[in-house]
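Examining the three-dimensional arrangement
The primary structure of each chain is shown beneath.
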Amino acid sequence: TGTLDWYVFVGDTGSEIHCHYFSLIGAPKVPPLWGLGPIEWRDQNDGGAQEILSDIKRFTELEIPLTGWFVDRPYSDGNHAWSKMNFSEKFADPGQWIQTIRTEFGLEFMTWAATATFGDRRFDKHLGGRYSYLDLSHPETVAAFQRELSDRQYAVGVHGHKIDRTDEVFAEHEPWHDDTPLSERRNRYTYLVSKTFHDAAQKAWGDNHFLFARAAIHRTQPYLSAIWGGDPRSTWEGFQGNFANAMRASFLGFPIWGTDAGGYLGEGYIPENLYLRWLQAASMAGFFEIKLDGSGGQGRDRMPWRYDEGFQHRFRQICEDRMALLPYLYSLAATS
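Residues numbered from 1 in each chain as written. Predicted model: local features only at pLDDT ≥ 70, side-chain atom pairs only at ≥ 80, totals over all residues. Heavy atoms only, no water.

Remarks on the overall build of the chain
Applied cut-off: Here a helix means four or more residues in a row that DSSP labels H or I, a strand means two or more in a row labelled E, and each is numbered from the N terminus. Put simply, the radius of gyration uses C-alpha atoms, and a globule should come to 2.2 Å times the residue count raised to 0.38. Buried residues are those whose accessible area, probed at 1.4 Å on protein chains only, stays under 20% of the maximum for their type, while exposed residues exceed 50% and partly exposed ones sit between those limits. Here a residue-residue contact requires only that any non-hydrogen atoms of the pair lie within 4.5 Å.
Counting its regular elements, the chain contains eight helices and eight strands. Whereas a compact globule of 336 residues would reach a radius of gyration of roughly 20 Å, the chain reaches 20 Å, a difference of no more than 12%. Across its three principal axes, the chain shows a C-alpha extent of roughly 60 × 55 × 35 Å. Scored against the burial criterion, the 336 residues of the chain give a buried share of 55%. Sequence separation of at least 24 residues holds for 72% of the intrachain contacts in the chain that already meet a minimum separation of 6.

Put into C-alpha cells, the structure is as follows:
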C-alpha cells in the first residue's frame, strides 16, 4: 500500500477486545427478529411466483415454522436475468403475491441482488469487465441504483437482500470516479456495496430489513445484518469446511454468520444423516437459512416432503427449537 496504519486492541477478554474494535469501526447492525428465524429458498424457481407460494403453503400444512423466504436469481429481466432489477413475467404482480406471503403466511420476503449488471451498462458510470460493476464512488450512479431498488424492489414489499458477486471477477484496474488507489479498491468496493444497500433499505424500511452478503471487510458490520459462508459443497467435507469459516468469522468480529444448510454445490437430494446434521448445526448459528434444491436447481430437490415422515418430524422439531430460541438469539445479537 505504500503506507500502513496499525491498531492494537488490548483487553483481558475477547469481549473487551471486541468492544475496543467496534468503538473504532462502528457497532454491528442489529437484525430484525424475523431475520433470525428459519428462512428457506430455492436456487432456481422455474415455476415462478406460484412455485414459491406452493412451497410456503406446503411448509404451512406440515406445520414447519418459518419467518422468511427469499428468491435467488434468476427472477428478473435483462442480462443474467437480473440487470433490469425488476420481476419477470414468471413473477408478475410481485406486490400482490409478496403481500400474500406477508399477510397469509406471516413471512418477510427478500431477493438476490448485486451491483453487477453483466454487460448492461445502463447506469452513468460502470467499471469495465464482463460483470460491469457499478462505480460506487460516483454519487449519481449510486443515487440511480438506490432509486431502482426503491421503485422495483422495496415498493412491492421486498424487505432485504442476499447480496452476491461482490468478490467475483472484479475490475480492479478500471478508473474510479474518486481516484481510489488501486491497492484499496477491492476492499473499499466491498465496503461501498454494503453501505449502498443499507442506506437504501434503511430509507425504505427503517430497521425492519435484513441484508446478508458473501463478501465483507472490516467496517461493513454496521451495514450488514449477517454474512453467509459462500457456496459449500453438499458433502461432509463441505459441511466441515463451512463451519471452520464460521469460527474465523467470529474471531474477526462478524457476530452473525450463516451457512447454506444442506450445501450449495451439487445435486439437490442428499443423504438424510448429512441433511439432519447440517440443519442441527445451522440452527445454532446466528443466521439460519435452508437451501432446498441443488446448484442451479439441479437434481431432485431436498424439500422435507421428499423424505419420510420421521425425517419431516425431525426437520419440524429443529425449526420449532429455533423459534423457541429467538428471544435469546435476539438478545445475543443486540449484545454483540
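More follows now that the structure is in view.
Observations concerning the nonpolar core
Threshold: Buried Ala, Val, Leu, Ile, Met, Phe, Trp, Tyr and Cys residues form a nonpolar core when they are joined through side-chain atoms within 4.5 Å.
Formed by 80 residues in total, the largest nonpolar core has its most connected members in W97 and F109. Beyond its immediate chain neighbours, meaning those up to four positions away, W97 contacts A49, I52, L53, F87, F91, A92 and F109.

Regarding unusual backbone geometry
Residues R73 and P74 are joined by a peptide bond in cis, for which omega reads 10°. Inspection of the secondary structure puts P74 in the loop between β2 (68-71) and α3 (94-105). You will see that S132, though not glycine, has its phi angle at about 50°, which is positive. The residue S132 is located in the loop between β3 (108-113) and α4 (139-152) in this model. For S132, a relative accessible area of 1% translates into the label buried. Backbone geometry at R219 places phi at a positive 90°, although glycine is not the residue there. Its place among the elements puts R219 in the loop between β5 (210-213) and β6 (226-228). Take R219: its relative accessible area is 43%, and that puts it in the partly exposed class.

Some points on helix α1 (residues 14-25)
For clarity, the cut-off: Here the expected span of a helix is defined as 1.5 Å times the quantity of residues minus one. Comment: arc refers to directions from the helix axis out to C-beta atoms.
For α1, built from twelve residues, the straight-helix expectation of 16 Å at 1.5 Å per residue is met to within 8% by its first-to-last C-alpha distance of 16 Å. Along α1, the residues classified as buried are Y21, F22 and I25. All buried residues of α1 project into a common sector of 95° when viewed along the axis, lining one side. Residues of α1 that are exposed and point more than 90 degrees away from the buried face comprise C19 and S23.

Comments concerning the packing of α4 against helix α5 (residues 185-205)
Helix-helix packing is characterised by the crossing angle of the two axes and by the distance between the axes. To keep it simple, the criterion reads: Fitted lines through C-alpha atoms give the axes, limited to the stretch in contact for helices. The angle between two N-to-C directions lies from 0 to 180 degrees. Should an angle lie under 35 degrees it is considered roughly parallel, over 145 roughly antiparallel, and from 65 to 115 roughly perpendicular; all remaining angles are considered oblique. If you view the pair so one helix is near and one far, a crossing is left-handed when the near helix is turned anticlockwise from the far one by less than a right angle, and right-handed when it is turned clockwise. Any residue that is not Ala, Val, Leu, Ile, Met, Phe, Trp, Tyr, Cys, Pro, Asp, Glu, Lys or Arg is counted as polar, Gly included; the first ten are nonpolar and the last four charged.
The contact between α4 and α5 brings their axes to 10 Å, and the two run at 50°. Classified by the angle between their axes, α4 and α5 sit oblique to one another. You can see that α4 and α5 cross each other, and the crossing is right-handed. Across from V142, F145, Q146 and L149 in α4, the residues of α5 making contact are T196, F197, D199 and A200. Tallied by class, residues from the contact of α4 with α5 come to five nonpolar, two polar and one charged.

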